[in-house]
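# Remarks on the overall topology
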Amino acid sequence: MLSRLLANTKISHKLLLALFFIGLVPPSSAVWLSYKVAKHALIEQANTNAETQVKQFAKQANLQLAHTEQVLSRILGIDEVHQFFAMSDDSFDTYQRLAIRAQIPQILNNFTYIPGLNDINLMREDGVLLHFGSHAKLGTVPPQIRNALLASARVRPGEASWIGGQSYSFSGSEALSESSMAVIMPFEQYNAKSLKNEVRGIILLNINAPLFFDFFSQVPVDIAIADQRMQFVFHHKTPLIGKSLEPPLQQLIAQQQSGTIEQHNERLMVEQIAINGDRWRLLLFQSEQALLASIERIFWLYLCAAVAGLAIIICAVRYFERYLVAPLTQVTEGLRQLHRENFTDTKPLQVKSRDEIGVLIQWFNRYLQEVQQRLMMEKSLRASESRYALATAASNDALFEWDFDTDEIYYSARCAKLFGIASQLANKSHWLDNISPTDRASIEQAIEQHLAGHTQVLNIEYGFVDPEGRPRRLHTRALAEFDQHSQAVRLAGSHTDITLSHQQEAQLQYDASHDYLTGLFNRQWLFQQMNELLSNKKTGACQPFAIALFDLDSFKVINDSLGHSLGDRLLQAVAERLSTELGEHAQLARLGGDEFVMLIELGNNLPERVQHIVKQLLESVAEPFNIRMNKVQTTASAGIVFSTSCDESCSQSPEDILRDADIALYQAKDAGKNCLVVFEAQMRQQLLESIELENQLAQAIANDQLTLHYQPIYELSGKRVIGCEALVRWIHPKLGFISPADFIPIAEKSSLILELGQWVYQTACQQLQRWDLDAQLPNLNMSINMSPKQFDDESFFTMVPQLLRRLSLDPARISLELTETAILEHTERNQKLLATIKQSGMRIYLDDFGTGYSSIAHLATTPIDAIKIDKTFVDKACIYERDNRLLVSILAMAKHLELDVVAEGIETPDQLNLLISNGCALGQGYLLARPMPADEFADLVRSQG
């Protein structure tokens, strides 16, 4: 099986296996075995050395502990110490007690040579303590600590008790130190009653563990001592003293065995021995990684060498494979391809050397070249034989050849089918007799011209009737062959059926000048016609004309509510109705959207006639449309431009004329829609002035040219100012005062009203805050007008509460004056926005009440706080009895609806008295006070006292 496997293996793979198993595996195995033996020997030697060292260190530690216990025993043998423990308040006179307490510190001073000793403490059974450290001190040990210490002393009667990781301070509280330890020796006295020794006191030494075992810091290994609580009494790393042993080390100590543990990603060899009467364990740590570092380094060096050797082997095998095996493989594959007769895909081999392999490849390439050349010759011959037949069959053209000697024409199969003949050899009548009569003479003349040598190529296009009687369009292209006498002997060429492309070209021409939706003419056609009329004027052939631009008034509402599909159908219906109404001298085009243009050459049509036609078209559009079971009602507006003066219009372009029509249309929209407006030159100037004023207004807002005046709002009965209405004023640096009636409508028609409204709101609220800081002014209310476009801007309702919170203003002092359209239009969105205003705490005033389409039913359900009666009602109330009764009714209605009423435009005493007598509480007008700057308004309020 192995021999079969090797037989199917590549030569390069066999060489790789041989080099690997012979040159790399034996030395690698020897090194691995040597590494394992050396590692085991090192660990055994280290364990033997550690066992010897730990015994020596245990001996030193036990000597140090025993020496300390001997010192304690000597202290217990001192008479003054016995007298101190036997002393009581009534056993000695005061003089004796003082003498003994004074002598003991002097005696204890002789025992301070213990390494790391912090202090010596003598504690009696009753808790009286004599402390000797940096100075002598007499005190009392708290009962809890005293009982704990006496209990520790009674555990081992007559013997010292060592407590690791703890010390005791008797300055009034217990203090623990992880780097200290304590040793307690009990003082016992025989009790005749109980017939046994009883503990009457203790001697306690506080010792610094690192200093006590200082001799361990001199050894080159890591030493630690653990007590019976499995805590470190001593460790070569001081922060670990007093810490608990990790579980693997605790388990090793419990088994009283030496071994190896994993600690902090490091393997440690641990040797242990009992000290301090088998109560403590002395531990010796050795890092296995450090111990084996030398042989590990040697092992990794060899491993790197082995990897390098393997890389060398692979490189050698790759070289062998590239320069010997690969060329042989390529030759073999090339011969296999030639055997399969795959001559085309076989490529010449690259000669990379001049050895035997290179010579073999050169001979292979020569043989391949000869085979491919023969193949190409055979292929070229076959292609030449089939090219004509293939071209004839695959071509979309009908080929023919006219032999003038026999006067017969050879037709290709496609050509014969085109002319409806069975034979491919026929006379010329099948072609020429079926040419359209209108083109026959010109075609025969073109053929004669070409046969006479006057044209290089016969290239003609003409109408043709096919065998089924259908009109078609043919394009013939042919070339004549002449003999040595310049006589035509043969005409060969092709017929191409271009009927479809001709139809497509006609359709493209139609689409280029017509609207795809309505079938009317489009903008391109309109501009072309207008250019022709204008160019005629330039040549002197004056042809006056008129342009009427139509726009549907409510198309966007219809489109949004009923859908774009129905909107498109409405545009088609409008186009059909307008086309039906127009006369033969007028043309209708669609510019796009819902805009239509009527172009009419005036001729005998006077401008009044044109206006009459446009009015009829507007009346026709106003009639209802029945579209998909829906009755759709709409109207249109129109702007008319007359081109009756050649001098005025010659310099104009179609764009200029349509612009003027658009200006007139805009005027018609402003006039109430469903009407027409004839363009006049001053309209263009008014538009330019409006645009200029709009630009200057934008600059005025940016350059702070605007200011606010404040018209006081009075409590009419007491003529006391309770607030004001903020009104914007524009002082132009060149034009001076510009009335709000001039620039507010312009701002309303553009987006400037949003920026202007935000500026007014911020300025008015900031002024109200400044008035609040004036102690002489009461809390005033501020009314601010709100544009319908602001009402549509939801960001305004976010900005308002934020500004009020920043200025610390009560929202209830701000009144927003909205028009009837914004308030009384009961859309879901409007009602939500009104609710948002109410929730913010601001008040809502219905401004100019009675000038719009106020609905009493809506007043009852709309969340408003007050209505402002327009000046027109106030003016007429004192003149006409009917208007008087209407004003009284409005005041009564507001009272029943619990709405405040503010009368605007009070200018006469009669108007004021009428309002007061009918219960109108608030009002403003020139009779009371004109709008004034902020400082004058403040002075006015202060003058009220």
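Residues numbered from 1 in each chain as written. Predicted model: local features only at pLDDT ≥ 70, side-chain atom pairs only at ≥ 80, totals over all residues. Heavy atoms only, no water.

Moving on: the overall build of the protein. Across its full length, the protein holds 33 helices and 33 strands. The 945 residues of the protein split such that 41% are buried. Taking as baseline every contact in the protein between residues at least 6 positions apart, the subset at least 24 positions apart corresponds to 60%. Accessible area for the protein stands at about 51800 Å²; split by element, carbon and sulfur atoms hold 52% of it. (Helix = DSSP H or I, 4+ residues; strand = E, 2+ residues; numbered from the N terminus. Buried < 20%, exposed > 50% of the residue type's maximum accessible area, 1.4 Å probe, protein only. Contact = heavy atoms within 4.5 Å. Areas by Shrake-Rupley, 256 points an atom, 1.4 Å probe, with all protein chains shown as cover.)

With that settled, consider the nonpolar core. Within the largest apolar cluster, 79 residues are counted, with the highest numbers of intra-cluster contacts made by Leu756, Tyr761, Trp771, Met782 and Ile814. For this core, the element with the highest residue contribution is helix H24 (residues 752-772), accounting for 10 residues. Apart from the residues within four sequence positions on either side, Ile814 is in contact with Tyr761, Cys765, Leu768, Met782, Ile784, Leu804, Met842 and Arg843. In this structure, Ala50, Ile114, Leu205 and Phe213 belong to the second largest nonpolar core, which totals 48 residues. (Core = buried A, V, L, I, M, F, W, Y, C linked by side-chain atoms within 4.5 Å.)

Let's shift gears to the side chain of Asp594. Examined against the element boundaries, Asp594 turns out to sit in the loop between strand E19 (586-592) and strand E20 (595-601). Despite its burial, Asp594 pairs with no opposite charge; the closest candidate is Lys669, at 5.7 Å N-O. Among all residues touching Asp594, those that are not within four sequence positions of it are Phe550, Asp551, Leu552, Phe555 and Leu571. (Lys, Arg positive; Asp, Glu negative; His and termini not counted. Salt bridge = Lys/Arg side-chain N within 4 Å of Asp/Glu carboxyl O.)

In this section: the sheet that holds strand E17 (residues 488-497). A sheet is described by the order of its strands in space; here 6 strands give the open sequence E14-E13-E12-E17-E16-E15, paired in antiparallel fashion. Each edge of the open sheet carries a strand with a single partner, namely strand E14 (425-427) and strand E15 (458-465). Taken over all neighbouring pairs, the strand axes of this sheet differ in orientation by 30° on average, direction set aside. (Pairing = 2+ DSSP bridges. Axes fitted to C-alpha atoms, helices over the stretch in contact; angles between N-to-C directions.)

For the rest of this paragraph, the subject is the pairing of strand E23 (residues 636-643). Among the 8 residues of E23, 8 are classified as buried, and the element is accordingly described as predominantly covered. Where burial is concerned, the two faces of E23 agree: the one with Ala636, Ala638, Ile640 and Phe642 and the one with Ser637, Gly639, Val641 and Ser643 are both buried. In terms of strand pairing, E23 meets strand E24 (residues 676-678) through 3 bridges, oriented parallel. Each residue of the ladder has a partner; that of Gly639, found in E24, is Val677.

Here the UniProt-annotated "transmembrane region" (unreviewed entry) positions come out as residues 299-320. Split by type, residues 299-320 is 100% helix and 0% strand. Its first and last C-alpha atoms lie 31 Å apart. (UniProt positions renumbered as here; feature names shortened; annotations may be inferred.)

What follows deals with the packing of helix H23 (residues 740-749) against H24. Two quantities define a packed helix pair, namely the angle between the axes and the distance from one axis to the other. One way to put it is that H23 packs onto H24 with a least axis distance of 6 Å and a crossing angle of 120°. If you check the angle between H23 and H24, you find them oblique. Residues Phe743, Ile744, Ala747 and Glu748 of H23 lie in contact with H24, whose contacting residues are Leu752, Ile753 and Leu756. Across the contact of H23 with H24, the residue classes break down as 6 nonpolar, no polar and 1 charged. (Parallel < 35°, antiparallel > 145°, perpendicular 65-115°, else oblique. Nonpolar A, V, L, I, M, F, W, Y, C, P; charged D, E, K, R; others polar.)

One pass over the full model with this rule turns up 33 salt bridges. Linking Asp433 and Arg440 is a salt bridge whose minimum nitrogen-to-oxygen distance equals 3.4 Å. With a closest N to O distance of 3.5 Å, Lys868 and Glu904 form a salt bridge. Remark: Glu904 occurs in the loop between strand E32 (900-903) and helix H32 (909-917) and Lys868 occurs in strand E31 (residues 866-869); sequence separation between them is 36 residues. When its relative accessible area of 12% is taken as the criterion, Glu904 is described as buried. When salt bridges that share partners are traced, they join Asp466, Glu468, Arg470, Arg472 and Asp497 into one network.

Moving on, we get to the sheet that holds strand E9 (residues 259-263). Spatial ordering of the open sheet is given by E8-E7-E11-E10-E9, a layout of 5 strands whose pairing is antiparallel. The sheet is open, and its two borders are formed by strand E8 (232-235) and E9, each paired with just one other strand. Strand-to-strand twist across the sheet, computed as the mean angle between neighbouring axes with direction ignored, equals 30°. Pairing analysis gives 5 bridges linking strand E7 (residues 222-226) to strand E11 (residues 280-287), with the strands arranged antiparallel. Note on E11: the bridge partner recorded for Ile223 is Leu284. Across the sheet, helix H3 (residues 25-76) is in contact with E7, strand E10 (266-275) and E11; its angle to E10 comes to roughly 40°. Along the sheet, helix H8 (residues 247-254) contacts E7, E8, E9, E10 and E11; its crossing angle with E9, the most-contacted strand, is approximately 165°.

Glancing now at the environment of Pro733. Residue placement: Pro733 occurs in the loop between strand E26 (720-732) and strand E27 (736-738). Judged by its relative accessible area of 61%, Pro733 is exposed. C-alpha of Pro733 to C-alpha of Ala700: the two residues are 33 residues apart in sequence and 9.5 Å apart in space.

All told, the structure shown has 20 aromatic pairs when counted by the stated rule. Here the aromatic rings of Trp402 and Phe404 are separated by 5.0 Å at their centres, their planes lie at 50°, and the arrangement is tilted. Taken together, the ring pairs in this structure connect Phe57, Trp162, Phe212, Phe213, Phe215, Phe216, Phe234 and Trp280 into an aromatic cluster. Looking at Arg124, its charged tip hangs above the ring of Phe84, at a distance of 5.6 Å from the centre. Above the plane of the ring of Phe625 lies Arg577, whose end atom (NZ or CZ) is 3.7 Å from the centre. (Phe/Tyr/Trp six-rings, centres within 6.5 Å; stacked < 30°, edge-to-face > 60°. Lys NZ or Arg CZ within 6 Å of the ring centre and 35° of its normal.)

Taken together, the buried positions of H8 are occupied by Leu249, Leu252 and Ile253. Relative to the axis of H8, the buried residues are bounded by an arc of 100° and lie together on one face. For H8, exposure combined with an orientation more than 90 degrees from the buried face picks out Pro247, Gln251 and Ala254. Taken together, the buried residues of H8 touch E7, E8, E9, E10 and E11. With its phi angle positive at about 50°, Gln256 sits one or two positions after the end of H8. (Arc of directions from axis to C-beta.)

Moving on, we get to helix H31 (residues 881-896). Relative to the 22 Å expected for 16 residues at 1.5 Å per residue, H31 spans 23 Å between its end C-alpha atoms, a close match to the ideal helical length. When H31 is considered as a whole, its buried residues turn out to be Asp883, Asn884, Leu887, Ile890, Leu891, Met893 and Ala894. Two residues or fewer after H31 comes Glu898, characterised by a positive phi angle close to 60°. (Expected span 1.5 Å × (residues − 1).)

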